[in-house]
Amino acid sequence: MRCGYHGWIYGLDGALRTVPAQKGYGDRPVKPGACDYGMAPLPGFAAYRGFVFGRLTADGPSLEQWLGPLTGSIDNFIDRSPEGAVEVAGGVLRYDHACNWKFFMENTLDALHPMVVHMSAARPARAVAAALPEGDNAMHFELQALAPFTASYDFYDSMGGRVMPHGHADLGGRASIHSDYASDETYWQAMVDGHGADKAAGILSLSRNNSIAYPSLMFKAPVQLLRVVRPVAVDRTIIETWHFRLKGAPPSMFHRTIAYSTMVNSSAGMVGPDDHEMYRRMQAGLKAGQPEWIELGRHADPGAPDPDGATQVEGTSDAFFRGQFQAWRDLMEVA
Ligand SMILES: [Fe+2]
């Protein structure tokens, strides 16, 4: 790792390896290996199934305590590999968004917007699908991916979701907009070979739109995407989309991931730009300062949580957002 300013070079362990102009420091210990000049270690880090999480404070819950029931969603992301392992592949999409980072975190759980915001992409896809000749059994992934964005309010409600401590959540579970994707038969066979038929069926029947590790991570298990939130300013956020290959799966699964991301997440796509524009307008709209409060009372009483701490909610519940703001307040009040 090379500092972009004076070119000091550090090893992956953080130790100082090279200083370009070592003369002139006299007796000062500016030299390779000097402990005082290494990179500062993170006070805390831990990994869950290969995903490494770091934090800038020494105190706080363990990673598994913090993730809580969300570990099941991460498991589902990884277990969709016949070998139970995933790898980053295909580069990263990185886009600037003209909004506060919270808009993105809310949007990924918001099931009341797709049928409105994404109508211009989904409605033509439905028309094309309806006009296909009878007996056309090709997978037509693009149509399968776009059409469900205008699914009904009842469908989105029926998908369900989970609201968890620390602001984490899943949208979907019983179903999602990804439920009806066709897949290569060899993928199912590989899953059966890797996990056994019963476990493979259980893994693939759990279908989540999105899962959130609040406040900075969203992942989409059925399509092998992970998105990282990088706040830049109060009204500016960079979103990174990372793509994963399921180890042991046929190439068609990774092609599907890239097709989805290109079509939906990319700024040249047919879905993401709709959201970008709405974020920008909402950020501007909030400057009006009134009404003072945003309505977040839909499904105001979601009931008691399960023994694992997750609360089951309808897919269009505002409980997702109340959970996020509760977590944000808890974090901001720690000082
Ligand atoms: Fe959207």
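Reading the values: the criteria
Residues numbered from 1 in each chain as written. Predicted model: local features only at pLDDT ≥ 70, side-chain atom pairs only at ≥ 80, totals over all residues. Heavy atoms only, no water. Pairing = 2+ DSSP bridges. Helix = DSSP H or I, 4+ residues; strand = E, 2+ residues; numbered from the N terminus. Axes fitted to C-alpha atoms, helices over the stretch in contact; angles between N-to-C directions. Contact = heavy atoms within 4.5 Å. Donors = N, O, S within 2.8 Å, 3.2 Å for Na, K, Ca; no water. Tetrahedral: all angles 85-135°; square planar, octahedral: opposite > 155°, others 65-115°. Buried < 20%, exposed > 50% of the residue type's maximum accessible area, 1.4 Å probe, protein only. Parallel < 35°, antiparallel > 145°, perpendicular 65-115°, else oblique. Left-handed = near helix turned anticlockwise from the far one by under 90°. Nonpolar A, V, L, I, M, F, W, Y, C, P; charged D, E, K, R; others polar. Phe/Tyr/Trp six-rings, centres within 6.5 Å; stacked < 30°, edge-to-face > 60°. Lys NZ or Arg CZ within 6 Å of the ring centre and 35° of its normal. Patch = residues over 30% accessible without salt bridge, like charges linked within 9 Å, V, L, I, M, F, W, Y side chains within 5 Å. Areas by Shrake-Rupley, 256 points an atom, 1.4 Å probe, with all protein chains shown as cover. Salt bridge = Lys/Arg side-chain N within 4 Å of Asp/Glu carboxyl O. Expected span 1.5 Å × (residues − 1).

Asker: Which residues make up the sheet that holds strand 7 (residues 169-173), and what values go with them?
Answerer: The eight strands are arranged 5-11-10-9-8-7-6-12 in an open sheet whose pairing can be described as antiparallel. Two strands in the sheet have a free side with no partner beyond their single neighbour: strand 5 (86-97) and strand 12 (311-313). Strand-to-strand twist of the sheet, defined as the mean angle between neighbouring strand axes without regard to direction, takes the value 20°. Direction of pairing for strand 8 (residues 207-213) relative to strand 9 (residues 217-220): antiparallel, over a ladder of three bridges. Its bridge partner lying in strand 9, Ser211 is registered against Phe219. Here helix 2 (residues 71-79) sits on the sheet and contacts strand 5, strand 6 (161-163), strand 7, strand 8, strand 9, strand 10 (225-233) and strand 11 (236-246); the angle it forms with strand 9, its principal contact strand, is near 45°.

Asker: So what about the coordination of the iron ion? Which residues, and what values?
Answerer: The reference angle at a metal is 109.5 degrees if four donors form a tetrahedron and 90 or 180 degrees if six donors form an octahedron. With distances of 2.1 to 2.4 Å, the protein atoms coordinating the iron ion are His113 (NE2), His118 (NE2), Asp275 (OD) and Asp275 (OD). Every donor counted, the four donor atoms about the iron ion form angles of 56 to 147° at the centre, which fits irregular coordination. Donor residues for the iron ion sit on one chain with the sequence pattern H-x4-H-x156-D. You can see His113 sitting in the loop between helix 3 (101-107) and helix 4 (114-117) and its partner Asp275 sitting in helix 11 (residues 272-286), a full 162 residues away along the chain. The class for His113 is buried, based on a relative accessible area of 14%. Take Asp275: its relative accessible area is 10%, and that puts it in the buried class.

Asker: Describe the pairing of strand 3 (residues 44-48), and please don't skip the residues or the numbers.
Answerer: Across five bridges, strand 3 lies against strand 4 (residues 51-55) in antiparallel orientation. Considered in strand 4, the bridge of Gly44 is made with Arg55.

Asker: A description of the packing of helix 8 (residues 185-195) against helix 9 (residues 197-205) should follow, citing residues and the corresponding values.
Answerer: Following both chains from N to C, one finds helix 8 and helix 9 inclined at 125°, their axes separated by 7 Å at the closest point. In terms of their interaxial angle, helix 8 and helix 9 are classed as oblique. When the axes of helix 8 and helix 9 are compared, the crossing they make is right-handed. In this structure, helix 8 uses Tyr187, Trp188, Met191, Val192 and His195 to contact helix 9, whose residues at the interface are Ala197, Lys199, Ala200, Ala201, Ile203 and Leu204. By residue class, the composition of the contact of helix 8 with helix 9 is nine nonpolar, one polar and one charged.

Asker: How would you sum up the packing of aromatic side chains? Please name residues and give values.
Answerer: Aromatic ring pairs: the centre-centre distance and the angle between the two ring planes describe each pair. Scanning all chains against the criterion turns up eleven aromatic pairs. Taken together, the aromatic side chains of Phe51, Phe77, Phe219 and Phe244 make up a single cluster linked through ring pairs. Positioned above the aromatic ring of Phe254, the side-chain terminus of Arg245 is 4.6 Å from the ring centre.

Asker: Now, about unusual backbone geometry: what can you tell me, with residues and values included?
Answerer: Cis geometry is found at the peptide bond from Tyr214 to Pro215, where omega equals 10°. Summarising the element assignment, Pro215 is placed in the loop between strand 8 and strand 9. Of note, the amide linkage connecting Gln290 to Pro291 takes the cis form, showing an omega dihedral of 0°. Mapped onto the elements, Pro291 comes out in the loop between helix 11 and strand 12. Backbone geometry at Arg49 places phi at a positive 50°, although glycine is not the residue there. Locating Arg49 in the fold gives a position in the loop between strand 3 and strand 4. With relative accessibility at 36%, the residue Arg49 sits in the partly exposed group.

Asker: Help me get a handle on the environment of Gly194, residues and values and all.
Answerer: Considering the arrangement of structural elements, one finds Gly194 in helix 8. A C-alpha to C-alpha distance of 8.4 Å links Gly194 and Ser81, two positions 113 residues apart in sequence.

Asker: Residue-level account of a nonpolar patch on the surface, with values.
Answerer: Nonpolar side chains collect at one region of the surface, where Leu42, Phe45, Val52 and Leu56 lie side by side and expose about 480 Å² of accessible area between them. Among the structural elements, Leu42 can be located in the loop between strand 2 (16-18) and strand 3. Residue Leu42 is classed as partly exposed on the basis of its relative accessible area, which comes to 39%.

Asker: So, the environment of Phe321: which residues are in play, and what are the values?
Answerer: Along the chain, the position of Phe321 falls in helix 12 (residues 319-333). Accessibility expressed as a relative area gives 6% for Phe321, which makes it buried. Separated by 51 residues in sequence, Phe321 and Met270 have C-alpha atoms that sit 26 Å apart.

Asker: Tell me what's going on with helix 11, and back it up with residues and numbers.
Answerer: If you check helix 11, its first and last C-alpha atoms are 21 Å apart, about what 15 residues at 1.5 Å a residue would give, namely 21 Å. Tucked into the core, helix 11 has its buried residues touching strand 5, helix 3, helix 4, helix 5 (119-130) and helix 10 (251-265).

Asker: For the pairing of strand 7, give the residues involved together with the corresponding values.
Answerer: In the case of a regular strand, side chains alternate between the two sheet surfaces. For strand 7, the buried fraction is high: five of the five residues fall into the buried class. Here three bridges tie strand 6 to strand 7, and the two strands are oriented antiparallel to one another. Among the inter-strand pairings, Gly161 is bridged to a residue of strand 7, identified as Leu171.

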